[in-house]
Amino acid sequence: MAQIIEKVSRTFGEYLLIPGLTTKECTPQNVSLKTPLVKYKKGEEPKISLNIPFVSAIMQSVSDDGLAIALARNGGLSFIFGSQSIESQAEMVRRVKRFKAGFVPSDSNVRPDATLADVEAIIEATGHTTMGVTHDGTPNGKLLGMLTSRDYRISHDGRDSLVKDFMTPFEKLTVGKLGITLSEANQLIWDHKLNALPIIDDNQNLVYFVFRKDYDSHRENPNELLDPQTKELLVGAGINSRDYKERVPALVEAGVDVVCIDSSDGFSEWQKETISWIKDEYNGKVLVGAGNVVDKEGFDYLVAAGADFIKVGIGGGSICITREQKGIGRGQATAILDVAAARDEHFEKTGEYVPICSDGGLVHDYHMSLALAMGADFLMMGRYFARFDESPTKKLLINGNYVKEYWGEGSSRARNWQRYDMGGKGGGMKFEEGVDSYVPYAGKMKDNLDVTLGKIISTMCSCGSVTIPQFQQSAKITLVSSTSIVEGGAHDVILKDKQ
């Protein structure tokens, strides 16, 4: 006979936090959102900690290199989607690592024999007006000069004019040598009143640009998630339990900092085999997350397999239909509470802390605070990040509203059958576990993150906490009735239209 779990499966929308004593210490500037990404022993520090408790979902419509750079600059981490070729995923990882937080690879370059018409075409395609002039027009060719919008006038110079005739030649450029620090590069920019500083190697090959505009950007992003030695941005990547023996080596060679097995149901021997192979092949040096699970049994199994963090949640994502298709899953709040208790029990017994990631079930910003209070160390989100300029999908005008495309990995569009693979021979999708949709366009990531994180910080202060561990220890959470949910919103008034 089937085992019946009497505990009701609940969602975040069924709970509220009860305020605690807000001490004078509990001010926004004193709150730290730093949280461990991977496991660590008691008294030690994790190999990677996030500066904000957010990671982006392993999805085609969310996590490419552009969003990975933006999120890392704001203190979080992206897991670049794995439902693509090994080569293209590894190249996305390389692009994030090459960004080097201020040292920007030159995406727009021309040869000296190119014409002004060619320059116009590049500007039209990329929006970049600063270009490296290299001998072969590649990002790392020999630097022969530089081109900015101040070097020509389209109305005056003919469109067939050659770049070499109006560029600033190399001998007149101020350049930095590879190995220069960002602060030294910025000092050169200020001393010489430059807008852009080319960085070259010993053979005069172009490597990076450092831009004056990025100086203010770095001041505005004090939470950048960087490798302490190389100062490179940190980035993760999604893998599956099919081609991991080929995919993981390519990602490691590209410089990935952590990988995560992407599966709708992670409580499987396939995940155990994948983790074991990675740990044996790389002597435990490659960090790997696993999941998804929804209970203590699944958590314990993957911890015993050697996972560095565990993802929690099945069927709670906004585009996920696993529950209605297969009848499996659990309310996200109940799953987090159960797995968090298992994590704490494991820590008490072994002295090893294995972080858990809440994946799915977040409808409102306050649900994020609830998930953290219930025990999640960090949150994986797809819909939230898909709305931003930095996500890889198109911005469209639909029925008078701007939206962005957003589709699930289990949809016919993504056809990521490896994520839903049940093992055995063959493969391929038998039925959908995700949908293709739109989400409201929300603008720039940083603007939205500032608001969302501000809400979490304010909630923590109201609950008398200045760190996430303190929040988890001291939070008081209550179940709410359907009528109290109505009471909690605007009611008994006529709302004005927003201007």
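Structure's up top.
Notes on the structure follow. (Residues numbered from 1 in each chain as written. Predicted model: local features only at pLDDT ≥ 70, side-chain atom pairs only at ≥ 80, totals over all residues. Heavy atoms only, no water.)

1. Structural notes on the pattern of salt bridges
Where charged atoms from two side chains of opposite charge come close, those side chains can pair. As a reminder, the rule being used: Throughout this description, the term salt bridge denotes a Lys or Arg side-chain nitrogen within 4 Å of a carboxyl oxygen of Asp or Glu. Where helices and strands are cited, they refer to DSSP runs of H or I of at least four residues and of E of at least two residues respectively, numbered from the N terminus. Here's how the labels work: a residue is buried when its accessible area is under 20% of the maximum for its type, exposed when over 50%, partly exposed in between, all with a 1.4 Å probe on protein chains only.
Scanning the entire structure with this criterion turns up 23 salt bridges. For glutamate 120, the salt bridge identified is with arginine 159, shortest N-O distance 2.6 Å. A residue pair is termed long-range when its members are at least 10 positions apart, and glutamate 120 in helix H3 (residues 116-126) and arginine 159 in the loop between strand S9 (143-147) and helix H4 (163-166) qualify at 39 residues. One salt bridge in this structure joins aspartate 338 and arginine 330, with 2.7 Å as the shortest N-O distance. In this pair, the class of aspartate 338 matches that of arginine 330, namely buried. Within the structure, one salt-bridge network assembled from shared partners comprises Asp65, Glu91, Arg94, Arg95, Arg98 and Glu253.

2. So, helix H5 (residues 182-191)
To be explicit about the condition: Directions pointing from the helix axis toward each C-beta atom define the arc.
When we look at burial in H5, the residues that qualify are Ala185, Asn186 and Ile189. All buried residues of H5 lie within an arc of 100 degrees about the axis, which places them on one face of the element.

3. Considering the sheet that holds S9
Selection rule: Two strands qualify as a pair provided that DSSP identifies no fewer than 2 bridges between them.
As summarised here, the arrangement of the 4 strands in space is S7-S8-S9-S10, forming an open sheet in which the pairing is mixed. Only two strands of the sheet have a single neighbouring strand rather than two, namely strand S7 (109-110) and strand S10 (168-169). The pairing of S7 with strand S8 (residues 131-134) spans 2 bridges and is classified as parallel. Bridge pairing in S8 links asparagine 109 to glycine 132.

4. As for the packing of helix H2 (residues 86-99) against helix H7 (residues 244-254)
Keep this limit in mind: An axis is simply a line fitted to the C-alpha atoms; with a helix, the fit covers only the stretch in contact. Between two such axes, the angle follows the N-to-C directions and lies from 0 to 180 degrees. Roughly parallel means an angle under 35 degrees; roughly antiparallel, over 145; roughly perpendicular, 65 to 115; everything else is oblique. Each crossing is labelled by how the near helix is turned from the far one, with a counterclockwise turn of less than a right angle marking it left-handed and a clockwise turn marking it right-handed. Contacts are residue-level and defined by heavy atoms, with any inter-residue pair within 4.5 Å sufficient. Polar here means any residue outside two lists: the nonpolar Ala, Val, Leu, Ile, Met, Phe, Trp, Tyr, Cys and Pro, and the charged Asp, Glu, Lys and Arg; Gly therefore counts as polar.
Their axes nearest at 8 Å, the elements H2 and H7 cross at an angle of 20 degrees. Relative to H7, the element H2 is oriented roughly parallel. Regarding H2 and H7, the two cross each other, and that crossing is right-handed. Within the contact between the two elements, H2 uses Ile86, Gln89, Ala90, Val93, Arg94 and Lys97 and H7 uses Glu246, Arg247, Ala250, Leu251, Glu253 and Ala254. Of the residues that constitute the contact of H2 with H7, the class distribution is 6 nonpolar, 1 polar and 5 charged.

5. Some points on the nonpolar core
Soluble globular proteins tend to bury their nonpolar side chains together. Note the cut-off: The nonpolar core is taken to be a set of buried Ala, Val, Leu, Ile, Met, Phe, Trp, Tyr and Cys residues, with the residues joined through side-chain atoms within 4.5 Å.
Formed by 114 residues in total, the largest nonpolar core has its most connected members in Phe54 and Phe385. Per-element accounting of this core gives the leading share, 7 residues, to helix H14 (residues 445-462). Phenylalanine 54 has contacts with Leu71, Gly76, Leu77, Met368, Leu379, Met381, Phe385, Leu449, Thr452, Leu453 and Ile456, leaving out every residue within four places of it along the chain. Val119, Ile122, Tyr152 and Phe166 belong to the second-largest nonpolar core, a separate cluster that totals 12 residues.

6. A closer look at the packing of aromatic side chains
Think of a pair of aromatic rings as described by two things: how far the centres are apart, and how the planes are tilted against each other in angle. Here is the rule we go by: Two rings from Phe, Tyr or Trp (for Trp, the six-membered ring) form a pair when their centres are within 6.5 Å of each other. A pair whose planes differ by under 30 degrees is stacked, one over 60 is edge-to-face, and the rest are tilted. By definition, being over a ring means that NZ of Lys or CZ of Arg is both within 6 Å of the ring centre and within 35 degrees of the ring normal.
Counted according to the given criterion, the structure contains 14 aromatic pairs. When the centroid spacing of 6.1 Å and the interplanar angle of 65 degrees are considered together, the rings of phenylalanine 54 and tyrosine 384 count as edge-to-face. You can see phenylalanine 54 sitting in strand S5 (residues 54-56) and its partner tyrosine 384 sitting in helix H13 (residues 383-386), a full 330 residues away along the chain. Residue phenylalanine 54 shares its accessibility class with tyrosine 384, and that shared class is buried. Members of the aromatic cluster, connected to one another through ring pairs, are Phe54, Tyr384, Phe385 and Phe388. Across the ring face of tryptophan 190, the terminal group of arginine 212 is positioned such that the distance to the ring centre comes to 4.4 Å.

7. Notes on the side chain of aspartate 257
What counts is decided by this rule: In protein, a polar contact requires one atom able to donate a hydrogen and another able to accept it; more generally it is a pair of N or O atoms within 3.5 Å, and residues adjacent in sequence count only if both atoms are side-chain atoms.
Inspection of the secondary structure puts aspartate 257 in the loop between H7 and strand S15 (258-261). Overall, the relative accessible area of 18% leaves aspartate 257 in the buried class. Among the polar contacts made by the side chain of aspartate 257, one reaches the side chain of lysine 97 at a distance of 2.7 Å. Within polar-contact distance, the side chain of aspartate 257 engages the backbone nitrogen of valine 235 at 2.9 Å.

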